[in-house]
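# Examining the three-dimensional arrangement
Next come the chains, spelled out residue by residue.
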Amino acid sequence: MRLKILAALVWVALTGNLCMAQVQHNISLGKCIAATKTENGADLTTDHGKAKITVYSQNVIRVRVVEDDFKKNFSYAVTTGPWNNRFSFKEEGEGYTLETDSVKLVIGKNPVRFSFYTKDGKEINSDDPAFGTSWIGTEVTTYKKLHPDERFIGLGEQPGNLDRRNESWEHWNVDNPQYDSNSKTIYSDIPFFIGLHSGLCYGIFMDNSSKSNFNFGAGNNRFSSFSAAYGEMDYYFFYSKNVPGIIESYTQLTGRIPMPPLWSLGYQQCRWTYFPDDEVMNVATHFRERKIPVDMMYLDIHFMDHYKLFTWDKNRFPNPTGMVNNLKQLGYHLALIIDPGVKVEKGYPVYEDGVKEDIFIKYPDGTRYTGEVWPGWCNFPDFTMPKARQWWGKWFKMHTDIGIDGFWNDMNEIAAWGKDVPQLMEMNWEGNLTSYKEAKNTYGLQMARSTYEGTSKLMDGRRPFVLTRSGYSGLQRYTAIWTGDNQANEDHMMLGIRMLNSFGLSGVSFAGYDVGGFGGNPTPELYTRWMTIGAFSPMYRGHASCNTNRTEPWSFGEEKEDIVRRYIGFRYQLMPYIYSAFDEARRTGMPVQRSLVINYPFDEKTFYGAYQQQYLFGPSILVAPVAGKQQIAKVYLPEGEWYDLYDGKHYDGKQEIFAECPLNRLPVYIKGSSIIPMKALAQTTAVTGDTLYLHIYAGKKASSFDLYEDDGTTFKYQQNQFSRRTIVYNPAQKNITLGKALGEFTSPYKTVRVVLHGFDAAQLKALKLNNKPVKVKNEVMRYFTSEFAHADSGPIDTQNTLAFDFANSRDAQTIKW
């Protein structure tokens, strides 16, 4: 007995010591023992870890840190190498200094820590002196000094407030149909944020796709931090004097949106689910009969044969080609839902071909991963394998051949019943092999890429529309994204607006939410208000679940229908402005829906809870979202001059105002000195009309607008088949100029009508166009027109304006007064 007790005590002692030995302590990047200047930056070796600094441009510096050795330089997010890497590197005192024309990086020697400064010595961002970049086991974390007034914005669609301060988020893409403002995981992740303090702006993008965490002072007042479960600490530091400069540099690094098809910017109608084909045509016909503009319809999963990819249910849709042609005759484009799961079923061609081509995800023992989703047990393509992407793309031919040009990628987190997909699965990773732990967050991105690249090859030079639920940094190169399964309540309406604002801060311009709410039944007031707000969003889609009441625009009575009709119609009138905003996003990364902090980052009121939903739609239209039944709202107008959209009333900025907001009057304001190009009301985006309307609002400051046009459907704009002309309003010189059109595309507009808001008629008596007198006439302006105006939907506001016409021309035009 004594021997047994003694043996037990020895075992406890030994195992206890072993457990103590396995405790993982925080170990940080150590003392520098060697530093070498390289072609693009500097390499540092420490007594614990290595660092590599790469200068990408004068305001973009990359920092890589590892414990052992650097692996192959690879990223699905980054599309470019260094593009302007002038710099100096020298040893100074107790450290090193790397300096560009814009920013100075000071590197401490013992231990190695990184601090970024402006050229005049202001601290922008610095490592925590004690911890810097540290490891606990495989997890790597960078700790940053937290400034007292520091705010954090961005992180893609992560829920919550505009200011991320005192909160933390986990980046691990999941199917979260019950998300709310407090959720910490969501469908997509963009590990990029912007920091603001002391009048300074900077950005950090951590390019590590494993599970990551961003902590902006949650639970402590000492540091902010960002970490990855394993792999390199690999981040890019951006500095600019303003937020647009940060976004421009980030999107130069990760890519920008191509021009979307024009029709995808019109209204989109969706439901889970429209079937059979007679029901699809019934809904489509109702829109046309009721004169509600619309360009797209969607088919959800019930169009397929038992939910199997690349099939049709022959009973519900016996003649897909005929249905698509009938929709085309009504001016519609059709989008189909396409999930990643391929049903495991012998004789099913897609499955059999996938097995033959060996493109499905596998376990380490070589067996194919099988997860259960809508069709049953499924295999999943490995979209990190080039061969699999090509294989995926070819299957869309059956859809593109009959004229389908919209493709909706869902369930691509990967989502499977039971939620928990095994992390030990192996992924091709462009031939480099990795585990699902590293690849998971990029799966949606790579699926969208496969869909976009595949359909682009099949569509004879026409642009596809791709929509995804999941994604990673760089998704804007291939796809639009929506905020997933939202709910029909006021909180979700406001949350969705903030999520789109945050997408814009994170380089994603083409984003939307399910207007009206996917889950639950909206009240008539909530639905109608949401539809008025949605008219001012980049992607405008109404969508609802199959177990909810119908939510087409006519579902809530004639009064609500007419309000919705007017706002959809106004969006169609705004299409030249909206399309030009997308061109700006393509060229600079500037989002279409812009949080007010982009233009006013140090105006404290833009962060107030009451105002954090407000945004600019394009450069000039301020939208102040309000609740469905709200009748009076407090609105914040930032610095500048503003005009009420409806009656033209002028306001000075930097003030809070009370705005009447009955259901037919969403608070919307136009920035003074703005130039707003519009067209005549039409039922589809394909109809332009003969007249381009240039609405110009008086103001004290000069402004410009780049009006962009192309054919709206093909990639010919990439071969100079576009028209872009700069319109300048200069109040000091009392003139408006239309620059010579660039590009080879001929505008369809025959006439230009200039509509002047807020101008003094007496000053315009001597107005001249190209030095020739022009007669200006008074015009009663009605923005919101409707062929079926309903008495109970309220009056259409009018405002007195001044207008004149002239023939459109590619040549420069000058208007003086």
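Structure's up top.
Everything in this summary refers to the structure shown in the same document. Just so you know, the residues in each chain are numbered from 1, in the order the chain's sequence is written. Side-chain atom pairs in this predicted model are given and counted only at pLDDT of 80 or more, local residue features only at pLDDT of at least 70, and totals for whole chains, interfaces and linings cover all residues. Side-chain measures were taken over the full set of non-hydrogen atoms in the model, leaving aside hydrogen atoms and water.

Numbered from the N terminus, helices here are DSSP runs of H or I no shorter than four residues, and strands are runs of E no shorter than two. Secondary structure assignment for the protein chain yields 14 helices and 52 strands. For the radius of gyration, the atoms used are the C-alpha atoms, and the globule rule reads 2.2 Å times the number of residues raised to 0.38. Relative to the compact-globule value of 28 Å for 817 residues, the protein chain shows a C-alpha radius of gyration of 28 Å, a close match. By the convention used here, residues are in contact when the closest approach between their heavy atoms is within 4.5 Å. Considering only intrachain contacts with a sequence separation of at least 6, the fraction spanning at least 24 residues in the protein chain is 70%. Only the protein chains shown count as covering a residue, and every accessible area follows the Shrake-Rupley method with a 1.4 Å probe. Accessible surface for the protein chain amounts to roughly 30400 Å². Of this, 49% is attributable to carbon and sulfur atoms.

Spatially, the six strands line up as an open sheet ordered E34-E35-E36-E41-E38-E39, and their pairing is antiparallel. Two strands lie at the open edges of the sheet, namely strand E34 (593–595) and strand E39 (650–652), each paired on one side alone. Each strand of the sheet is rotated relative to its neighbour by a mean of 35°, with strand direction disregarded. At least two bridges found by DSSP between two strands is the condition for calling them paired. As paired elements, strand E36 (residues 621–623) and strand E41 (residues 668–671) share three bridges and run antiparallel to each other. Paired with isoleucine 621 across the two strands is isoleucine 670, which belongs to E41. Structural elements are reduced to axes, namely lines fitted to C-alpha atoms, with helices fitted over the stretch in contact, and the angle between N-to-C directions of any two is expressed from 0 to 180 degrees. Sitting on the sheet, helix H10 (residues 490–505) touches E34 and strand E35 (615–617), and the angle it makes with E34 is about 90°.

A word on the nonpolar core. Core analysis: the largest hydrophobic core is formed by 193 residues, its most contacted members being Phe205, Phe536 and Ile621. Considering every element that reaches this core, the biggest residue donor is helix H13 (residues 575–588), with seven residues. Within this scheme, the nonpolar core is defined by two criteria: the residues are buried Ala, Val, Leu, Ile, Met, Phe, Trp, Tyr or Cys, and they are joined through side-chain atoms within 4.5 Å. Exposed residues in this analysis have more than 50% of their type's maximum accessible area, buried residues have under 20%, and partly exposed residues fall in between, with area computed by a 1.4 Å probe over protein chains only. With 40 residues, the next largest nonpolar core counts Leu29, Ala51, Val112 and Ala228 among its residues.

How two aromatic rings sit relative to each other is set out by the distance from centre to centre and by the angle between their planes. Two rings belonging to Phe, Tyr or Trp (six-membered ring only in the last case) form a pair when the distance between their centres is within 6.5 Å. Interplanar angles under 30 degrees mark stacking, angles over 60 mark edge-to-face geometry, and anything in between is tilted. Evaluation of the coordinates by the stated rule reveals 68 aromatic pairs. Their ring planes at 85° and their centres at 5.1 Å tell us that phenylalanine 310 and phenylalanine 396 sit as a pair that is edge-to-face. Residue phenylalanine 310 is found in the loop between strand E21 (296–299) and helix H4 (320–329), and its partner phenylalanine 396 is found in the loop between helix H6 (386–394) and helix H7 (397–400); the two are separated by 86 residues along the sequence. Taken together, a centroid distance of 6.5 Å and an interplanar angle of 80° make the contact between phenylalanine 536 and tyrosine 567 edge-to-face. On the criterion of sequence distance, the pair formed by phenylalanine 536 in the loop between helix H11 (524–534) and strand E33 (540–542) and tyrosine 567 in helix H12 (residues 558–573) is long-range, its members being 31 residues apart. Owing to a relative accessible area of 1%, phenylalanine 536 belongs among the buried residues under this scheme. With relative accessibility at 1%, the residue tyrosine 567 sits in the buried group. We note arginine 541 situated over the ring of tryptophan 482; from NZ or CZ to the ring centre the distance is 5.1 Å. Ring-over charges, as used throughout, are those where CZ of Arg or NZ of Lys falls within 6 Å of the ring centre and within 35 degrees of the ring normal.

Taken in spatial order, the three strands make up an open sheet running E23-E25-E24, and their pairing is antiparallel. Sheet topology places strand E23 (342–343) and strand E24 (371–373) at the edges, where each strand pairs with a single neighbour. Where E23 and strand E25 (residues 376–379) come together, two bridges link them in antiparallel fashion. Each residue of the ladder has a partner; that of lysine 343, found in E25, is cysteine 378.

A word on the pairing of strand E38 (residues 641–644). Going residue by residue along E38, you find Glu641 and Tyr643 tucked away on one face and Trp642 and Asp644 tucked away on the opposite face as well. Sheet analysis places E38 next to E39, joined by three bridges and oriented antiparallel. Paired with glutamate 641 across the two strands is aspartate 652, which belongs to E39. Between E38 and the antiparallel strand that follows it, E39, lie five residues; glycine 648 among them carries a positive phi value of about 80°.

With that settled, consider the environment of threonine 79. Examined against the element boundaries, threonine 79 turns out to sit in the loop between strand E5 (60–66) and strand E6 (88–92). Threonine 79 gets classed as partly exposed once you look at its relative accessible area, which sits at 43%. A C-alpha to C-alpha distance of 6.3 Å links threonine 79 and glycine 255, two positions 176 residues apart in sequence. Threonine 79 has contacts with Gln252, Leu253, Thr254, Gly255 and Arg477, leaving out every residue within four places of it along the chain.

Moving on: the pattern of salt bridges. A carboxyl oxygen of Asp or Glu within 4 Å of a side-chain nitrogen of Lys or Arg is what we treat as a salt bridge. What the rule picks out here adds up to 50 salt bridges. A salt bridge links glutamate 453 to arginine 449, with the shortest nitrogen-to-oxygen separation between them at 3.1 Å. With glutamate 453 and arginine 449 both in helix H9 (residues 443–458), this residue pair falls four residues apart, about one helical turn. Overall, the relative accessible area of 29% leaves glutamate 453 in the partly exposed class. The buried category is assigned to arginine 449, whose relative accessible area is 17%. The partner of glutamate 641 in a salt bridge is lysine 700, and the shortest N-O contact between them spans 3.5 Å. Note that glutamate 641 is positioned in strand E38 and lysine 700 in the loop between strand E43 (691–697) and strand E44 (703–709), a separation of 59 residues in sequence. One continuous salt-bridge network, built from bridges that share partners, spans Asp175, Asp410, Glu413, Arg469 and Asp485.

Now for the packing of H10 against H11. Viewed as axis vectors pointing N to C, H10 and H11 meet at an angle of 10°, and their least axial separation amounts to 11 Å. It follows from the interaxial angle that H10 and H11 lie roughly parallel. Residue-level inspection shows Glu490, His492, Met493 and Ile497 of H10 in contact with H11, the latter providing Leu526, Arg529, Trp530 and Ile533. Put simply, Ala, Val, Leu, Ile, Met, Phe, Trp, Tyr, Cys and Pro go in the nonpolar bin, Asp, Glu, Lys and Arg in the charged bin, and everything else, Gly too, in the polar bin. For the contact of H10 with H11, the per-class residue count stands at five nonpolar, one polar and two charged. These descriptions rest on fixed angle ranges, namely under 35 degrees for roughly parallel, over 145 for roughly antiparallel, 65 to 115 for roughly perpendicular, and the rest for oblique.

By themselves, these figures tell us nothing about what the structure is for.
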